[in-house]
Each structure stands twice: as structure tokens, then as C-alpha cells.
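Remarks on the overall topology
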Amino acid sequence: IRFKKALDKIPNIKVFDSQANYFMAEVNSIAASELVEKLLTKYNIFIKDLTSKINSPDKKQYIRIAIRNTEDNNLLVNALKDIIGD
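I will try to describe carefully the structure that is included in this document. Since we're looking at a predicted model, the values are computed, not measured. (Residues numbered from 1 in each chain as written. Predicted model: local features only at pLDDT ≥ 70, side-chain atom pairs only at ≥ 80, totals over all residues. Heavy atoms only, no water.)

**A short note on the overall build of the protein chain**
The line we're drawing: Working definition: helices are DSSP H or I runs of at least four residues, strands are E runs of at least two. Numbering for both runs from the N terminus. Only C-alpha atoms enter the radius of gyration, while the globule expectation follows 2.2 Å times N to the 0.38, with N the number of residues. Partly exposed describes any residue whose relative accessible area lies between the buried limit of under 20% and the exposed limit of over 50%, with all areas from a 1.4 Å probe on protein chains only and scaled to the type maximum. Note on definitions: a residue-residue contact is assigned when non-hydrogen atoms from the two residues lie within 4.5 Å. Note on areas: Shrake-Rupley with a 1.4 Å probe; residue coverage comes only from the protein chains shown.
A tally of helices and strands in the protein chain yields four helices and four strands. Ordered by position from the N terminus, the helices and strands of the protein chain form the series α-β-β-α-β-α-β-α. Compactness check: the protein chain gives a C-alpha radius of gyration of 12 Å against a globular reference of 12 Å for 86 residues, within 12% of the reference. Dimensions of the protein chain along its principal axes, counting C-alpha atoms only, are 35 × 30 × 20 Å. Expressed as a percentage of the 86 residues in the protein chain, the buried residues total 37%. Look at the contacts in the protein chain between residues 6 or more apart in sequence, and 58% of them connect residues 24 or more apart. Here the protein chain displays about 5500 Å² of accessible surface, and carbon together with sulfur accounts for 47% of that area.

Encoded structure:
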């Protein structure tokens, strides 16, 4: 719950509720593929680009974020804030 609340505070990202060990999110200010690349190259964090699997008619961008331990989750939140805005 704490991790989702932290993600919800990041602008330009809409996180969907989940019962699994990951969240799906819609990204608005950057292409999902570009976000995946930046997280991997700059922070060594891997997330999954779901855009091609969702096949949204309005070309929305989607990612999958794994829920991990508190330290990893905090690193991801800070990296997302840096890349897509705080």
C-alpha cells in the first residue's frame, strides 16, 4: 500500500490497483519504451513495457512495475520522479 501511494504521487503516471506482485501503470509524458531504456541505463532498474500487449486504440503507453522490497521500491520511485517529473 505504501509503495502504491508513493507511485500515485508521481505526476504523469496512473497506477492501477492490483492483487498481484506488480502494478500496471499508464505513462503520459514519455513513451514507455523510452522510460524503460532510461531506467535501465541510468539506474539499472528493469520494468516491462506493456504497450504492445495492451493494444490501446488511443495509443496510450503502459508499463509493469514489480513490487519488491522497500529499498528497491524507494529507488524506483525516486528514479521515476527524476525521469518523468516530481
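**What to know about the packing of aromatic side chains**
Going by this rule: Here is the rule: rings of Phe, Tyr and Trp (six-membered ring for Trp) pair when centre to centre is within 6.5 Å. Planes less than 30 degrees apart are stacked, more than 60 are edge-to-face, and the remainder are tilted.
If you walk through the whole model with that rule in mind, you get two aromatic pairs. Ring geometry for F3 against F23: centres 6.0 Å apart, planes inclined by 50°, an arrangement best described as tilted. Residue F3 is found in helix α1 (residues 2–8), and its partner F23 is found in strand β2 (residues 22–27); the two are separated by 20 residues along the sequence. The pair formed by F3 and F23 is uniform in burial state, with each residue classed as buried.

**Digging into the pairing of β2**
Definition in use: Criterion used throughout: strands pair if DSSP finds at least two bridges between them.
Inspection of the sheet shows strand β1 (residues 13–15) paired to β2 by three bridges, in the antiparallel sense. Bridge pairing in β2 places V15 opposite A25. Two successive antiparallel strands, β1 and β2, enclose a turn made up of six residues. Taken together, the six bridges between β2 and strand β4 (residues 61–66) define a ladder with antiparallel strand orientation. Residue pairing across strands places Y22 opposite A66, the latter belonging to β4.

**Quick word on the nonpolar core**
Definition in use: Take the buried residues of types Ala, Val, Leu, Ile, Met, Phe, Trp, Tyr and Cys, join any two whose side-chain atoms come within 4.5 Å, and each joined set is a nonpolar core.
L7, I13, L35, L39, I63, I65 and L80 are the most contacted members of the largest nonpolar core, which has 24 residues in total. Elements that contribute at least two residues to this core include exactly α1, β1, β2, α2 (32–43), β4 and α4 (70–84). The element that contributes the greatest number of residues to this core is α4, accounting for six residues. Setting aside its immediate chain neighbours within four residues, I65 contacts F3, L7, I13, Y22, F23, A25, L76 and L80.

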